[in-house]
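So you can see what is in the structure, the chains are spelled out below.
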Amino acid sequence: MFNSEKEFLDNYDSNKFDKLSMTADILVISVSNKEKTNARGNDNKVMSILLVKREGYPFKDRYCLPGGFLNPKDETLEECAKRVLKKETNLDNIYLEQLYTFDSLDRDPRMRVVSTSFVSLIDKNRLTNMINKNASWFDIESIKEEDNIISINLNNGSEKINIKIKQELKDKTTDRYKYTGINNKAIAFDHDIVIISGLNRIRNKLSYTDIVFNMMPEYFTLKDLQQVYEIILGKKLLDPAFRRMISDKVIKTDLMESGIGHRPSVLYKYIKNF
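Because the structure is predicted, anything quoted here is derived from the model rather than measured.

(A) View of the overall build of the protein. Scanning the protein from N- to C-terminus turns up five helices and 13 strands. Referenced to the eigenvectors of the C-alpha coordinate spread, the extents of the protein come out at roughly 80 × 45 × 45 Å. Considering the protein as a whole, with its 274 residues, one finds that 42% of them fall into the buried category. In the protein, the share of contacts with a sequence separation of at least 24, taken over all contacts with a separation of at least 6, comes to 54%. Taken as a whole, the protein presents about 16,700 Å² of accessible surface, with 48% of it coming from carbon and sulfur. When the 44 basic and 40 acidic side-chain charges of the protein are each reduced to a single mean position, those positions are 4 Å apart.

(B) Seen up close, helix H4 (residues 222-233). For H4, spanning twelve residues, the distance from its first C-alpha to its last is 16 Å, which sits close to the expected 16 Å at 1.5 Å a residue. Within H4 the residues assigned to the buried category are Leu222, Leu225, Gln226, Gln227, Val228, Tyr229, Glu230 and Ile232. Just past H4, the residue Gly234 takes up positive phi, approximately 75 degrees.

(C) Seen up close, the sheet that holds strand S12 (residues 250-256). Reading across the sheet, the three strands line up as S11-S13-S12 and stay open at both edges, with antiparallel pairing between neighbours. Every interior strand has two partners, whereas the edge strands, strand S11 (219-220) and S12, have only one. As judged from the two bridges shared by S11 and strand S13 (residues 266-270), these two strands associate in the antiparallel manner. Looking across to S13, one finds that Tyr219 is bridged to Lys269.

(D) Quick peek at the pattern of salt bridges. Across all of its chains, the model carries 16 salt bridges by this definition. A salt bridge links Lys236 to Glu230, with the shortest nitrogen-to-oxygen separation between them at 3.4 Å. Connected via shared salt-bridge partners are Asp25, Arg107 and Asp190.

Rules behind the numbers
Residues numbered from 1 in each chain as written. Predicted model: local features only at pLDDT ≥ 70, side-chain atom pairs only at ≥ 80, totals over all residues. Heavy atoms only, no water. Helix = DSSP H or I, 4+ residues; strand = E, 2+ residues; numbered from the N terminus. Buried < 20%, exposed > 50% of the residue type's maximum accessible area, 1.4 Å probe, protein only. Contact = heavy atoms within 4.5 Å. Areas by Shrake-Rupley, 256 points an atom, 1.4 Å probe, with all protein chains shown as cover. Lys, Arg positive; Asp, Glu negative; His and termini not counted. Charge placed at Lys NZ, Arg CZ, Asp CG, Glu CD. Expected span 1.5 Å × (residues − 1). Pairing = 2+ DSSP bridges. Salt bridge = Lys/Arg side-chain N within 4 Å of Asp/Glu carboxyl O.

Quick look at the structure:
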């Protein structure tokens, strides 16, 4: 028996426990304008995710989310996420929110690795930093669900990736699902599961948080804001219902949009309620 906590710690043998490693992986999501097909055409929105092509083993030449190992001596998981995001993508000072912890026994062939994932929301058209050469924005061309199989089609302009995931209801009372990847050989680790988990989290949070404004510029039109909501939710919204939804979140300004080929619209601004 020990007589004090100090005595206990001085005699504590940490080697009797198995070791594991921890990583932070970041799902970076953007909703931004597609390129215009003509001068008078309206902007269309597209949702994109940032993937990094692995240059070494394991999973060499496959795509993964930005991520890296936690330094257990001198950083928290959020500090780790910010560090590896800067190192792998050259992005910093952007919104981060913890998502889930992923701990499948076989998620990394090197050792037992537990990952805490984060979601980051930005408008990639507003970035001033150039992303690294092995990082690439993949547009989400479609998300389809049929017979509990979710299919996500990604395109970065030169490569296309199709992700298929089986969805099973895990807990009816909390609407929680179990996801299983189906032969997704273009994606490393279990990052296909992280991607669908993050997309669903953002979709669900639209109804009760202001998270969407991390993707918006300081000034925006209501049409632009509505398009961002619609692309994340995957459905059209009726104008009156949408305006009621965001009525206490935005304020009308005296500014008008400029440099467009149609009648300019009034610009709005997010109301930050602290």
